[in-house]
Amino acid sequence: MKISVPTIVQAAALFASTGLSIWAAVIARPRRGGPGGIAFGWVVVAIALWSFTSAMHTLVDDYAARVTISKFQYLAVAPIGVLWLMFTTQYSRLSWPANRIARALMWIVPAITLLLAATNEQHHFYWSSITPVSTPIGTRLIYHGGPWYWVHVAFSYSLILIGTAILVRGLRRFPPPYRRQTALIIIGALVPWIGNLLYLSQALPVSGLDLTPVAFTVSG
């Protein structure tokens, strides 16, 4: 298999994103006692996995292997919304639900998402179809969302919006140094979701190109 230069460049950027995310996780480890430290560590670990699997998906040419990699990627994609909400609540000194049932309910959608993505061939309830498309940087796979795909998108974006609103609310009650820090976090949080919206809307010039994991690393 001959790999084009643009594909190599894209894969290199994703591997760099993986490395930077791991580095961020290492930096966060000694700070896990601070507000949001543990949740932030898990967020960047998820981003590292997302970036690594995206790089492998870019380099591998076999259709079945790419689909398998995408399923494995959902170990990172499925929980990212819940992890973000955990981080923002802890960072803002708000109480995460103390009730075990309430905490468990938060993970129902990510768990169902993982299960449906892993077994998609049996029901096509997560991806209705997967189409190979030729692009200027090589063949891409276009994943057409099924009913649960959009449930997961709506769930994740809702948690992202709630978490961001929590940070915005915290701007008014934090002392000045934390206000600046929180403002930077809010700006950083917007970057990957803008990239993800461009991917979902297929507004990028290259079909199937997902810049979310790289953008997440910039935020991290």
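Just so we're clear, the structure is a prediction, and the values are computed from it rather than from any experiment.

Student: Any details on unusual backbone geometry? Residues and values, ideally.
Tutor: For H124, which is not glycine, the phi dihedral falls at a positive 55°. Assignment of secondary structure puts H124 in the loop between α7 (120-123) and β1 (127-135).

Student: Summarise the nonpolar core; cite the residues concerned and give the values.
Tutor: Among the nonpolar cores identified, the biggest contains 39 residues, and Y74, Y126 and W127 are the most heavily contacted of them. Elements supplying a minimum of two residues to this core: α2 (37-59), α3 (63-77), α4 (80-91), α6 (108-118), β1, β2 (138-145), α8 (147-170) and α9 (176-200). With nine residues, α8 is the single largest residue contributor to this core. If we ignore the near neighbours within four places in the chain, the residues touching Y74 are P79, T113, L114, A117, Y126, W127, Y149 and H152.

Student: Just give me the short version of the environment of M106, but keep the residues and values in it.
Tutor: You can see M106 is positioned in helix α5 (residues 100-106). We classify M106 as buried; its relative accessible area is 18%. With 25 residues separating them along the chain, M106 and G81 place their C-alpha atoms 9.8 Å apart.

Student: An account of the confidence of the model for the protein is needed here, citing residue identities and associated values.
Tutor: In the predicted model, the protein carries a mean pLDDT of 80, and the fraction of residues at 70 or more is 77%. Mean pLDDT values for the elements of the protein range from 64 in helix α10 (residues 212-219) up to 96 in α6.

Student: Can you break down the environment of S92 residue by residue, with the values?
Tutor: Of note, S92 is situated in the loop between α4 and α5. With relative accessibility at 0%, the residue S92 sits in the buried group. Taking the C-alpha atoms as reference points, S92 and F174, separated by 82 residues in sequence, lie 8.7 Å from one another. Leaving out residues up to four positions away in the same chain, S92 has contacts with I166, L167, R173 and F174.

Student: Give a detailed account of the packing of aromatic side chains, specifying residues and quantitative values.
Tutor: A full pass over the atoms with the stated rule returns 10 aromatic pairs. Consider the rings of Y74 and W127, whose centres lie 5.7 Å apart with planes at 75°: the pair is edge-to-face. With a gap of 53 residues between them, Y74 in helix α3 and W127 in strand β1 connect regions that are remote in the sequence. For the pair formed by Y74 and W127, the shared burial category is buried.

Student: Just give me the short version of a nonpolar patch on the surface, but keep the residues and values in it.
Tutor: A grouping of I101, L105, I108 and I112 is seen on the molecular surface, where their side chains present a nonpolar patch of about 360 Å² in accessible area. Sorting the residues of the nonpolar patch by element identifies α5 and α6 as the ones contributing at least two each. Here L105 lies in helix α5.

Student: Quick rundown of a positive patch on the surface? Include the residues and the values.
Tutor: There is a patch of like positive charges on the surface, built from R93, R169, R172 and R173. We classify R93 as partly exposed; its relative accessible area is 43%.

Student: Give a description of the packing of α6 against α8 that names residues and reports values.
Tutor: As a packed pair, α6 and α8 sit with axes 10 Å apart at the nearest point and diverge in direction by 150°. Seen from above, α6 lies across α8 with left-handed handedness. Residue-level contacts link V109, P110, I112, T113 and L116 of α6 to W148, H152 and F155 of α8.

Student: I'd like a description of α4, backed by residues and values.
Tutor: Across its 12 residues, α4 extends 16 Å between first and last C-alpha, which sits within 8% of the 16 Å expected from 1.5 Å per residue. Most of α4 sits inside the fold, with 11 of its 12 residues counted as buried. Where α4 is concerned, the buried positions are I80, G81, V82, L83, W84, L85, M86, F87, T88, T89 and Y91. Downstream of α4 by one or two residues, R93 has phi in the positive range, about 60°.

Thresholds, definitions, all that
- Sequence order as written defines the numbering, with residues in each chain counted from 1.
- Local features in this predicted model are restricted to residues whose pLDDT is 70 or higher, and side-chain atom pairs enter the listing and the counts only when it is 80 or higher, whereas totals over whole chains, interfaces and linings include all residues.
- Side-chain metrics in this entry use all non-hydrogen atoms of the structure; hydrogen atoms and water are not considered.
- Helix numbering and strand numbering both begin at the N terminus, where a helix is a DSSP run of H or I of at least 4 residues and a strand a DSSP run of E of at least 2.
- Put simply, a nonpolar core is a bunch of buried Ala, Val, Leu, Ile, Met, Phe, Trp, Tyr and Cys residues held in one set by side-chain atoms that sit within 4.5 Å of each other.
- For each residue, the accessible area found with a 1.4 Å probe, counting protein chains only, is set against the maximum for its type, and the residue is called buried under 20%, exposed over 50%, and partly exposed in between.
- Whether two residues are in contact is decided by their heavy atoms, any of which lying within 4.5 Å being enough.
- One confidence number per residue, pLDDT, is output by the predictor and ranges from 0 to 100.
- Stacked, tilted and edge-to-face are the three classes assigned to paired rings of Phe, Tyr and Trp, where Trp is represented by its six-membered ring and a pair needs centres within 6.5 Å; plane angles under 30 degrees give stacked, over 60 edge-to-face, the rest tilted.
- The patches reported here contain residues having more than 30% relative accessible area and no salt bridge. Joining distances are 9 Å for like charges and 5 Å for nonpolar side chains (Val, Leu, Ile, Met, Phe, Trp, Tyr).
- Using a 1.4 Å probe, accessible areas were evaluated by the Shrake-Rupley method; residue-level cover was limited to the displayed protein chains.
- Salt bridges are defined by distance alone: a side-chain nitrogen of Lys or Arg within 4 Å of a carboxyl oxygen of Asp or Glu.
- In summary, the charge assignment counts Lys and Arg as positive and Asp and Glu as negative, without counting His or the chain termini.
- Just so you know, the charge point we use is NZ for Lys, CZ for Arg, CG for Asp and CD for Glu.
- In this analysis, axes come from line fits to C-alpha atoms, helices being fitted only over the stretch in contact, and the angle between any two N-to-C directions falls in the range 0 to 180 degrees.
- It is the rotation of the near helix from the far one that decides the hand of a crossing: anticlockwise by less than a right angle makes it left-handed, clockwise makes it right-handed.
- Every helix has an expected span of 1.5 Å times one less than the residues it contains.

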